[in-house]
Structures are given as structure tokens and as C-alpha cells.
Amino acid sequence: TMSMATMAVSTPTQHSGAKADVSRADVIRAFKGLNGDFDVGEVEGFVEKCIEICEAYRIPAGDLLNPVEAAMDHSQDPAPAVKHLDRMVKEWVKKAEKDPKNKGMRSAGKPKPPPFTSSTIEGVQSSFEKSYGVSMKAPEMATPVFATPKRARPETPDSRGPASRARVLPQTPGAATPATTLAETPETQKYANRTDKFKVQSSFNEALPAAPGAAHKDAPRVEISTVKDTPLREVDASGRTVNFRYMYEKVEHKFFGLRERLKALTDGIIVNHKLKERAEADGEEFALARVNQVSQERVWCCGRVCAEGDAASLNQSSVMIEGANGKRVKLDLSNVGEFAVFPGQVVVVHGNNTTGECITAREVFTDASLPMPRPPAGQIAAYNETEAYLGGAPLNIIVASGPFTGSGDLSYQPLDDLLAHVRETAPDVVILVGPFVDSRHKLLDPAQAGTPGCFSDPPDSLQVVRQVMREKVCAGLASCPGTACVIVPCTNDLHAKSVFPQPPFDETEVINANDEEGEVNVKVLKLYSNPCTFRINEVVVSVTGQDTIMALSAGEAARTQGGDRIARLASHLIRQRSMFPVFPAPEGSQLAFSRAAELELPMSPDILITPSQLMPFAKRAGEVLCVNPGRLVKGSTPGTFARLSIHPVVRHIRSGVSRKVTAPSPGTKMKLGVDSPAAAPDAGAGQATDSPSGGAASEGELPEVQPQQLSANFESAVAGAEGAAGQEPKADEAVKGDEEMKEAEAAAPAVVEEVKAPQAAAMEFSGEDKSAETLHRVLERTRVDIVRI
């Protein structure tokens, strides 16, 4: 059976001429053979209606056969009738009304032409050329701005085309060919004519100062390490190294995956909400019942939220819950004060189920979030205060999400402008999220080749990807050796596996190609998967290239007393421990549920980066900072990126220079895995260059640092980070009588552990170290600016 969309597309081709000369015999002849030689002449009014349509739209009678047959299939009616013609014309009119090119035709009393006809296209071409002086015919390939030289190959009878034909990243033809220059249209000039370049649109924690542009350094002052990543290649059960596998899913695998996720999140919800303690306080016995269990008393149930139909939208009256046994019952939320549910959400419900078919909920619990990272206090102090790392300066991060070029060209000018800004400001880290080369770009779509506004011969997409990565990203960062770059793909990226979760780009394929160009230095370039979780010093960052916020926005049903809706949507990812908690996944999500475990968060991150088509934002979701940098380009208009300034744990009022520490020589193995600079001439090993007691500074020491909110537990942590091998901080440096300070003092020696190099210093998470939790509040010490490109 044809769908409505198929019926709308199957429209006839409009023919030129003032009027179509169609007779009754032509109509009968055109419909001969329809449903067993059915004689349409016997249907009252059918032939006359066909003649009227043909004359109004100037089309032959034969062009009506397929649309009428589609309308018959849609209505399940075996015989043609006038109502089928009415439905067909109604679809044509509806399609034409949505087309802005036909605006005003209704008021003029003119019949609307059927969409997708040759006359329509010809009219648009002539109108476009008359208005803007630009032809929409397929432009010729122009000389590219840059071209990767290709290895010469001999011509053979089996070769595809001439050997000298290099399919490289093209540029939209320039001013030399004005008749085919799409770059001169008003749409493509929107980006070039922008006036608010690098203007801050909004800020989060704007009371904090933005990180100043750092001086260029020879090496990054940060360490980036993986917490959770999807490997491009993996080892199978037999020990062989195989490529990333997907698209082989069995129903039982999905079932077991959903059930295991339900069990894990239910345990987390019970612990986080202390449901057992709550039940005991109310004199109840806590035990989970089946969702379809009949009970006159209140029961506890766990399950997954779903709609009445998987394709149906979720609302308050259509919420259902599916239990671990696979049974589904209705979930009545009319007695719940506030709730926010979406398909795929795991919940624990407290309510009544008197019939076994409907649970009347009294309370709904959804928080299964994992603990926040709690690195040792000494590690935080080392990363923030030692000159081997930040030296007391803020951590500066830039985050941008593709597309990185306009929809009408392949010049990648927005990416060039972003990288020029990076070279000017020298941030510590740049996080780039795809798509880098969008598979939906019309100039790269082979199906669009030769169509109006597209190239007659699309370039080789692999060459485009390589050149964007090599000549754009790598070359653009070559003069910034102190800036580390993290690249995360998107499911719309060409030459990246179109599946979610998605492995990283293949470095050998897209960057270090096996050709004559030579290897590219990628020492500061990290290729991570989608999604991924990694650490920048002590800060844990989770990134996804999937528009999860949009999927949640489309599927959520909520009743709340005010609050920030976007922050609530972002909090679902944290509460459900997943970078994509929606199930079933919306169309186009490319979700491989056999690998859904790789979407799980290993911990609640400090910063969650979720690019979305929604307005860019920086929101607080519990203790997590959620950032949507926006798209760098939206069609042909300039977009936004995000700039994060993460200040040290304790802010100082400094006099002229940053805080420096003295320590043994770089060759000495340091506690906490921190190689510090060489010691000052007269400073003892492990002694700080500033004097908290206010004593005179010894020779070779820097000017004294005047603390603004310098707490004793922080000083104790710094002392532990700067201590020499085997030397522990002195207990008398802590403030007497303060229990929290004593905990920090006791914790400092506990985190002292000898390691071989800074890269081997793993951030340990201790549930007992409360001083580390006090020191490590990334949300409160981070300023986020949403900046216009």
C-alpha cells in the first residue's frame, strides 16, 4: 500500500502550452487496464473531473493513472471514484501551499501546479536568474583552493576516467564565472556579511572573569586521558583483532540488554532515594512487585516508561510502564504532583494496582545517577597550582560543533575563522564535534549530481575528509603546540561508521593516509568515539555528537511547577546514566542496541557537552555543567561556539606573576606523579616559594602570594603535592580545631603514591576524602560564554 507521501510524490509532469486538449476517449484509454479493465466511463462524473484537472494543470490524461491508483490503495477502495481525484488534488494543493515559491497564487485565483514538474523547475530557474543574475544550472568544477597531489597512475582499460583527474575538495566557482556563482546569492553572503564576529551572546557564571589569552607554549599544560571510549578495533573471543562490528542484532539480545539496564538502574534508584529506609519508616516492607500484580495495598514496581504505541507521542494520558517480565500496564499519573517522563526512562513507582491493568501512582522515582568524580586533593592542587601544569591560571577550553561550512559551498570558511581565533587566543584544549564533512551536504550527494545548484561531478568524499582534517584542522593547529585538540565524530560524518555508539575516526584513513604526503604530527590530536568520557587534568568531560536533547524534547511528558525545561532535559542523561536514554530511538538515530552498554556513563561527569539543534545553552543539572555550544553554521548563517574558563580551586590575588613552586629536579620521581621545575637556588626540597606565615622570603623566591580565600586544607593539599619524595606535610600547618581541615591533613599522605611519570598518574576516587569533594566543584568555578562565530 502506498503511503500519503508516495502519493504526493507521484505527481504528473506539467507540459507547456495554454491548454491541454483532452477528450473523453483519452481519459477512458488512459485508465484502461486499471483493476481488470475497469471502465471508468461508467463512474458518474469521473471522466468529466479528469478532463477538468487536465485542462487546469495542462497535463495529459495518462499522468493521472499513478496518483489515482495510489489514492485507491490508500483508501482500500477497489473501484476508482471522484473522491480519489479530490484527494489527489488536495495533496497537490497542500504541497504547493507549503512551497514558498507558490506564495500568493491562491489570492490571484490561479490553479496551483502540481509539485516536482519540469515546468515548475524551469520557472524557478528563470525567476532565480532574473532576480539575482545567478543561474541554478549545475556549475562547472573550478580550480580548488588547495589540492592534495595524488600519486600518478597509468591509464588502463579498466580505470575509471582519465588518470590525471584529481577529485579534490572544490571551491564554489569564483567571480570569473558569474553566471554559475552560487556564492553571490544572498543566502551564501549571510555568513560573509556578518557584523557581530566573536561577540558573546550569553554567559553562565558571568561573575567570574573570562580566561585571558594565554601565551603560546611549546607543549600543552594539560593531560588528557580516556575514561571511557568505544574502540575502532577490538579483540574477539579467539584473540584476533577485528574491526568495530555492528548491524548484527537479535531480538533476544535487545531483550536481555533492556532487562539488565532495568535491573542496574532500579538498584541505583533504590539507593539514591533510600527507598528501603523510607518504606521501613512508614512501617512497610520494601519489595518490588510485578507491574501486573493485583493488590489492594500500595506496592513498589519498577519498569520502563513507554507509550501506548511505540510510534505514538507520549502524553500524560498515554503513559505505560513495561516491567521486567515484559508485561505492560497503564501508568496513571493524575495523583502525582510533579513528574517528567519519556519513552525508555527507568522508574520506580509507588502506588496501587487493583485491577492488574493500571497502576495509580502516588510517587515516581527516577534518579539513578552515579557519584561525581572525587580526585585526591593533592592531585587537584598539583594540576591547578604547579608550573608543570596550569600554574594557578584558568583552564581555557573552546568547544565547537559542526557543520563547519555553509550549506551552499565547501570553502570551510567558518572552520578557518574558528581556528584563527584559536591561534589568537591559544586555549588549552579545543573540542571539535562533527559533522566535519556532512553526508547530507547537497554538493557531496551523488544523487544530487547534475541537479540545479549542485556540481555535475561530485568530488571524492574521502579526499574531502582528508583535506579537512589535514589542511584545515592539523595545519590550523600547527602553530599552537600548546593547544590540545579532541575530535569526536557524528553519525552524519562521511567516512565515519554511521552507527551509534560510534567508534572514532580511523587515523590511518582520514589523517595519516598511506600516500606520498607524509605523516601528520598528531601528538596533540585526540580522536575519540561518540560518545566518550575523558579527563582534562582533574576535570571529567563527557561528549556526545548525537542530538539527545532534541530527542528528549520531542518525547517528554511533564508536569512541573516552573523550572528550566532545558536543564531538566539535560538532567535526564545524568539521572539515567546514559548519553542516549530514549527507547525506542527516533528515526535516524542509527542506534545499535547490541552495543548500548557503551552509551552508559562511567560516572557523573563534571561537564557534559551535548550539541543540539536547540538554542545554545549552558545549564546546571544537579552538580553537572551541561553545555550546548550550538552549531558553528546553520545553513548559510553564522552560528556559535562555547568558551569555558575553569578557574583554579581557590582564587588568588596575585602580584605580577603566577604562583610557582620549587621541587626536586625534573629527573626525580615525584609523589602524585608530578614532575615539577628545578628547585630555586636556596629553597629546600618540597618547600613552597610563598610563606603563609608572613616570614621574609629567602633568596630566589617569588613575591609573596596574598590569598583571598586561602583555606588551610588547600594549603595542606598543596604542601602534599609539592612535597619531596618521602616527605609528608606538617600537621601544624592545618588550622587547629577544624574537623574538615584535619580530614584534609590526614588525607594528604594517603594520596601520596610514587609513580613513574605524570601520564601514569591515575585520578583515584575516594569515598572517604571529603576535603577533595569540597575542593573539586567545577560547576561553581567555571564561566561559559556562548560566542558568535
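Since we're looking at a predicted model, the values are computed, not measured.

**Q** Describe the overall build of the protein chain, with residues and values.
**A** The helix and strand tally for the protein chain stands at 18 helices and 27 strands. Among the 789 residues that make up the protein chain, the fraction classed as buried is 49%. Approximately 36600 Å² of the protein chain is accessible, and the part contributed by carbon and sulfur atoms is 49%.

**Q** An account of the confidence of the model for the protein chain is needed here, citing residue identities and associated values.
**A** Counting all residues, the mean pLDDT for the protein chain is 73, and 66% of those residues have values of 70 or more. Ignoring residues within four places in sequence, the model shows residues 115–185, a span with pLDDT below 50, making 115 contacts including any to other chains.

**Q** Before we move on, could you go through helix 8 (residues 251–273) and cite the residues and values that matter?
**A** Its 23 residues place the ends of helix 8 33 Å apart at the C-alpha level, agreeing with the 33 Å of an ideal helix rising 1.5 Å per residue. Within the span of helix 8, buried status applies to Leu-258, Arg-261, Leu-262, Leu-265, Thr-266, Gly-268, Ile-269 and Ile-270. Looking at the buried side of helix 8, the elements it contacts are helix 9 (275–281), strand 5 (288–289), strand 6 (295–307), strand 10 (346–353) and strand 11 (358–365). Lys-274 occupies a position one or two residues after helix 8 and carries a positive phi of about 50°.

**Q** Can you explain helix 5 (residues 82–98)? Please cite residues and give values.
**A** Three or four residues apart is the spacing at which side chains of an α-helix point the same way, because the helix has 3.6 residues per turn. Compared with an ideal rise of 1.5 Å per residue, which puts 17 residues at 24 Å, helix 5 spans 25 Å between its outermost C-alpha atoms and is within 8% of the ideal. What helix 5 keeps buried is the set His-84, Leu-85, Met-88, Val-89, Glu-91, Trp-92 and Ala-96. Buried positions in helix 5, seen along its axis, are confined to an arc of 155° and lie on one side of it. Opposite the buried face of helix 5, at more than 90 degrees from it, the exposed residues are Lys-90 and Lys-98.

**Q** Residue-level account of the sheet that holds strand 12 (residues 395–401), with values.
**A** One open sheet accounts for seven strands, arranged 1-27-24-12-13-14-15; its pairing is mixed. Whereas interior strands pair on both sides, the edge strands pair on one side only; in this sheet they are strand 1 (200–204) and strand 15 (525–527). Taken over all neighbouring pairs, the strand axes of this sheet differ in orientation by 20° on average, direction set aside. Alignment of strand 14 (residues 484–488) against strand 15, held across three bridges, turns out to be parallel. Paired with Cys-485 across the two strands is Leu-525, which belongs to strand 15. Sheet strands touched by helix 11 (residues 413–425): strand 12, strand 13 (429–433) and strand 24 (640–646). Its angle to strand 12, the strand with the most contacts, is close to 175°.

**Q** Summarise the pattern of salt bridges; cite the residues concerned and give the values.
**A** A complete count under the given rule lists 20 salt bridges for this structure. The salt bridge involving Glu-48 is made with Arg-24; its shortest N-O contact spans 2.9 Å. Taken as a pair, Glu-48 in helix 3 (residues 46–57) and Arg-24 in helix 2 (residues 24–30) lie far apart in primary sequence, 24 residues in all. One salt bridge in this structure joins Glu-598 and Arg-595, with 3.0 Å as the shortest N-O distance. In this structure Glu-598 comes out as partly exposed when scored by relative accessible area, which is 21%. Three or more residues are tied together by salt bridges with common partners; here these are Arg-304, Glu-322 and Arg-328.

**Q** Describe the packing of aromatic side chains, with residues and values.
**A** Summed over the entire model, instances satisfying the criterion amount to twelve aromatic pairs. Ring centres 5.3 Å apart and planes at 85° place the aromatic pair Tyr-57 and Trp-92 in the edge-to-face group. Placement of Tyr-57 in helix 3 and of Trp-92 in helix 5 is noted, with a sequence separation of 35 residues between them. On the basis of relative accessibility, which here comes to 7%, the residue Tyr-57 falls in the buried class. Just above the ring of Tyr-191 sits the side chain of Arg-194; from NZ or CZ to the centre is 4.1 Å.

**Q** For the pairing of strand 27 (residues 782–788), give the residues involved together with the corresponding values.
**A** Counting buried residues in strand 27 gives six out of seven residues, a clear majority hidden from the surface. Relative to strand 27, strand 1 runs antiparallel, the two being bridged by four bridges. Considered in strand 27, the bridge of Ser-202 is made with Ile-786. Bridge count for strand 24 against strand 27 is seven bridges, and the pairing is antiparallel. Across the sheet, the residue bridging to Phe-641 is Val-787, located in strand 27.

**Q** Can you break down unusual backbone geometry residue by residue, with the values?
**A** Omega for the bond connecting Gly-434 with Pro-435 falls within 30 degrees of zero, at 10°, which places this linkage in the cis form. You can see Pro-435 is positioned in the loop between strand 13 and helix 12 (461–476). Cis rather than trans, the peptide bond between Phe-583 and Pro-584 has omega equal to 0°. Checked against the element boundaries, Pro-584 lands in the loop between helix 15 (565–575) and strand 19 (607–609).

**Q** Pulling in residues and values, what's your account of the state of the cysteines?
**A** On inspection of all chains with the given rule, the structure shows zero disulfides. Residue Cys-301 stays outside any disulfide, its sulfur separated by 7.6 Å from that of Cys-302, the closest cysteine. By relative accessible area, which is 1% here, Cys-301 ends up buried.

**Q** Which residues make up the nonpolar core, and what values go with them?
**A** Most often, soluble globular proteins keep nonpolar side chains buried together rather than apart. In terms of nonpolar packing, the biggest core is built from 37 residues, with Phe-404, Leu-418, Leu-432 and Ile-487 touching the most fellow members. Elements supplying a minimum of two residues to this core: strand 12, helix 11, strand 13, helix 12, strand 14 and strand 15. In terms of residue count, helix 12 provides more of this core than any other element does, six residues in total. Beyond its immediate stretch of four places on either side in the chain, Ile-487 contacts Leu-432, Phe-436, Met-469, Val-473, Phe-505, Leu-525, Lys-526, Leu-527 and Tyr-528. Core analysis: the next-biggest nonpolar cluster, separate from the first, contains 32 residues, Val-429, Val-488, Ile-609 and Leu-779 among them.

**Q** Kindly report on the sheet that holds strand 16 (residues 532–536), identifying the contributing residues and their values.
**A** Across the sheet, which stays open at both edges, the six strands sit in the order 2-16-17-19-21-20 with mixed pairing between neighbours. Only two strands of the sheet have a single partner each, and these edge strands are strand 2 (224–228) and strand 20 (617–621). For this sheet, the mean inter-axis angle between neighbouring strands, taken without regard to orientation, is 25°. Bridge count for strand 17 (residues 539–543) against strand 19 is three bridges, and the pairing is parallel. Within the sheet, the bridge partner assigned to Ser-542 lies in strand 19 and is Leu-608. Across the sheet, helix 15 touches strand 19, strand 20 and strand 21 (624–628), and the angle it forms with strand 20 is around 60°.

Thresholds applied
Residues numbered from 1 in each chain as written. Predicted model: local features only at pLDDT ≥ 70, side-chain atom pairs only at ≥ 80, totals over all residues. Heavy atoms only, no water. Helix = DSSP H or I, 4+ residues; strand = E, 2+ residues; numbered from the N terminus. Buried < 20%, exposed > 50% of the residue type's maximum accessible area, 1.4 Å probe, protein only. Areas by Shrake-Rupley, 256 points an atom, 1.4 Å probe, with all protein chains shown as cover. pLDDT = per-residue confidence, 0-100. Contact = heavy atoms within 4.5 Å. Expected span 1.5 Å × (residues − 1). Arc of directions from axis to C-beta. Pairing = 2+ DSSP bridges. Axes fitted to C-alpha atoms, helices over the stretch in contact; angles between N-to-C directions. Salt bridge = Lys/Arg side-chain N within 4 Å of Asp/Glu carboxyl O. Phe/Tyr/Trp six-rings, centres within 6.5 Å; stacked < 30°, edge-to-face > 60°. Lys NZ or Arg CZ within 6 Å of the ring centre and 35° of its normal. Disulfide = S-S within 2.5 Å. Core = buried A, V, L, I, M, F, W, Y, C linked by side-chain atoms within 4.5 Å.

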